[in-house]
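Single-letter residue listing:
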Amino acid sequence: MAARVQDLVTRARAGRLRPEELDGGTLTVSNLGMYGTEAFAAIINPPQSAILAVGTAKQQPVIRDGKLKAGTVMRVTLSVDHRPIDGALAAEWLRVFISSVENPLQILA
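In this report, the structure presented in the accompanying data block is examined. The shown structure was predicted, so the numbers you read here are calculated from the model rather than taken from an experiment.

Thresholds applied
Residues numbered from 1 in each chain as written. Predicted model: local features only at pLDDT ≥ 70, side-chain atom pairs only at ≥ 80, totals over all residues. Heavy atoms only, no water. 1 Å grid on protein atoms, 1.4 Å probe; cavity = no way out; pocket = protein on both sides within 12 Å on 5 of 7 lines; lining within 4 Å. Points joined across faces, edges and corners; volume = space filled by probe spheres on them. Helix = DSSP H or I, 4+ residues; strand = E, 2+ residues; numbered from the N terminus. Pairing = 2+ DSSP bridges. Axes fitted to C-alpha atoms, helices over the stretch in contact; angles between N-to-C directions. Contact = heavy atoms within 4.5 Å.

1. Topic: empty space enclosed by the protein
Item 1. With the rule as written, the count across this model stands at one cavity of 30 Å³ or more.
Item 2. Considering only enclosed or pocket space, the largest cavity measures out at about 40 Å³ in volume.
Item 3. Surrounding the largest cavity, Glu38, Thr56, Lys58, Gln60, Val73, Met74 and Arg75 form its lining.
Item 4. For the lining of the largest cavity, the secondary-structure elements that each account for two or more residues are strand 2 (50-64) and strand 3 (67-80).

Structure, rendered in structure tokens:
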């Protein structure tokens, strides 16, 4: 399995994946954050149902427990096709995703 994944990663980075290797997904993750992009809206890749746009993580002032602190902020934008996915369900998925990123140990519970 590890060798297969490594092969796919290597060929994806080189732009050499075959069209049939891109089929079957439901959600795409698009990361422009690695290029310093703070936020963006991504276009859904048919026949998929959603795409998550991930921006860069950067230090910003945040308020925690009523106090001003330095925090790392990362913006994510979820675009969904409302034909197969209800918007309220997508909002709930995004809420849980953000909570999991902010509190990764809760995944273990």
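Further notes follow.
2. Description of the sheet that holds strand 1 (residues 27-31)
Sheet strands associate in pairs through backbone hydrogen bonding, adopting either a parallel or an antiparallel arrangement.
Item 1. Spatially, 1-2-3 is the arrangement adopted by the three strands of the open sheet, whose pairing is mixed. The sheet is open, and its two edges are formed by strand 1 and strand 3, each paired on a single side. Averaged over all pairs of adjacent strands, the angle between their axes in this sheet comes to 30 degrees, without regard to strand direction.
Item 2. Alignment of strand 1 against strand 2, held across five bridges, turns out to be parallel. Within strand 2, the position partnered with Val29 by the bridge is Leu52.
Item 3. Strand contacts of helix 2 (residues 87-102): strand 1, strand 2 and strand 3, with the helix running at about 145 degrees to strand 3, the strand carrying the most contacts.

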